[in-house]
Amino acid sequence: MRYGTELGRVRGLGSAKEGTHHWWQQRLTAGANLFLMLWFFIAILRLPAYDYDTVHTWLSSSWAAIPMALLILSVFYHFRLGLQVLIEDYAHAESRVLAMVALNFFTVVTAGIAIFAILKVAFTATTGVPHA
C-alpha cells in the first residue's frame with residue numbers, strides 16, 4: 001500500500017515536506033569539508049615554519065583567509081545538520097525545541113568567533129610579537 005500523492009512521490013517529499021533536501025545538504029557540506037580540509041593540510045604542510053609570524057603572514061593572504069572562512073562555515077553548518085538529526089531522532093517534545101535553539105545559538109556564536117579571528121588576522125599587520 002502506498003501513501004502520499006503521485007506528485008509527492010516524484011518530488012521525494014515526505015510528511016515533513018523536507019524530502020531529500022537535508023540529506024543533500026549534508027552530502028554537499030561533507031564534500032566541501034573534504035576538499036577544504038585537503039587544501040588546509042596541504043597549505044599547512046607547505047609552510048616553511050610554524051612560528052607566529054609565518055602563520056600570521058600566510059593567513060593574511062586572501063588566498064588563505066577566504067578558504068579558511070569557507071572551511072569554518074562548511075564545517076559548522078555540517079556540524080549543525082548532523083546534530084539536528086540526532087536531536088530530531090532522540091529528543092522529545094519541549095526538550096527538542098530547547099535543544100534546537102541551543103544548537104543554533106552555539107553554532108552561530110562559535111562560527112562567528114572563528115570567522116572574527118580569521119578576519120582579525122587577515123586585516124592586521126604582523127608585528128613580530130604575538131598579542132595576548
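Attention in this report is confined to the structure presented alongside it. (Residues numbered from 1 in each chain as written. Predicted model: local features only at pLDDT ≥ 70, side-chain atom pairs only at ≥ 80, totals over all residues. Heavy atoms only, no water.)

Before going further, it helps to examine the overall build of the chain. Of regular secondary structure, the chain possesses five helices and zero strands. Each helix and strand of the chain, ordered N terminal to C terminal, gives the series α-α-α-α-α. For the chain, with 132 residues in total, the buried portion stands at 27%. Restricting to contacts in the chain with at least 6 residues of sequence separation, those with at least 24 account for 69%. (Helix = DSSP H or I, 4+ residues; strand = E, 2+ residues; numbered from the N terminus. Buried < 20%, exposed > 50% of the residue type's maximum accessible area, 1.4 Å probe, protein only. Contact = heavy atoms within 4.5 Å.)

On the surface, Trp23, Trp24 and Leu28 cluster together to form a nonpolar patch covering roughly 370 Å² of accessible area. Mapped onto the fold, Trp23 is located in helix H2 (residues 21–45). (Patch = residues over 30% accessible without salt bridge, like charges linked within 9 Å, V, L, I, M, F, W, Y side chains within 5 Å. Areas by Shrake-Rupley, 256 points an atom, 1.4 Å probe, with all protein chains shown as cover. Salt bridge = Lys/Arg side-chain N within 4 Å of Asp/Glu carboxyl O.)

Below, the discussion takes up the nonpolar core. Formed by 17 residues in total, the largest nonpolar core has its most connected members in Trp58, Leu59, Met68, Ile72 and Ile118. Mapped onto this core, the elements with two or more residues apiece are H2, helix H3 (52–60), helix H4 (62–90) and helix H5 (93–122). No other element matches the seven residues that H4 contributes to this core. Apart from the residues within four sequence positions on either side, Ile72 is in contact with Ala111, Ala114, Ile115 and Ile118. (Core = buried A, V, L, I, M, F, W, Y, C linked by side-chain atoms within 4.5 Å.)

Attention shifts here to the packing of H3 against H4. Look at H3 against H4: their axes get within 5 Å of each other, and the N-to-C directions meet at 80 degrees. Considered as vectors, H3 and H4 are oriented roughly perpendicular to each other. Side by side, H3 and H4 meet where Trp58, Leu59 and Ser60 of the first sit next to Ser62, Ala64, Ala65 and Met68 of the second. For the contact of H3 with H4, a count of residues per class yields five nonpolar, two polar and no charged. (Axes fitted to C-alpha atoms, helices over the stretch in contact; angles between N-to-C directions. Parallel < 35°, antiparallel > 145°, perpendicular 65-115°, else oblique. Nonpolar A, V, L, I, M, F, W, Y, C, P; charged D, E, K, R; others polar.)

This part takes up the environment of Ala125. Examined against the element boundaries, Ala125 turns out to sit in the segment after H5. You can call Ala125 exposed: its relative accessible area is 64%. A C-alpha to C-alpha distance of 8.2 Å links Ala125 and Ser60, two positions 65 residues apart in sequence.

So, about the packing of aromatic side chains. Each aromatic ring pair is characterised by the separation of its centres together with the angle its planes make. All told, the structure shown has five aromatic pairs when counted by the stated rule. Consider the rings of Trp39 and Trp58, whose centres lie 5.9 Å apart with planes at 25 degrees: the pair is stacked. Taken together, the residues Trp39 in helix H2 and Trp58 in helix H3 connect sequence positions 19 residues apart. Judged by its relative accessible area of 17%, Trp58 falls in the buried class. When the ring of Phe79 is compared with that of Phe106, the centres are 6.1 Å apart and the planes differ by 55 degrees; the resulting orientation is tilted. Remark: Phe106 occurs in helix H5 and Phe79 occurs in helix H4; sequence separation between them is 27 residues. Accessibility expressed as a relative area gives 44% for Phe106, which makes it partly exposed. One aromatic cluster in this structure is built from Trp39, Phe40, Phe41 and Trp58. (Phe/Tyr/Trp six-rings, centres within 6.5 Å; stacked < 30°, edge-to-face > 60°.)

Attention now moves to the packing of H2 against H4. Remark: H2 packs on H4, axes separated minimally by 9 Å, with the N-to-C direction vectors making an angle of 145 degrees. Considering the relative orientation of H2 and H4, their crossing is left-handed. Of the residues belonging to the contact of H2 with H4, the class tally is 16 nonpolar, nine polar and no charged. (Left-handed = near helix turned anticlockwise from the far one by under 90°.)

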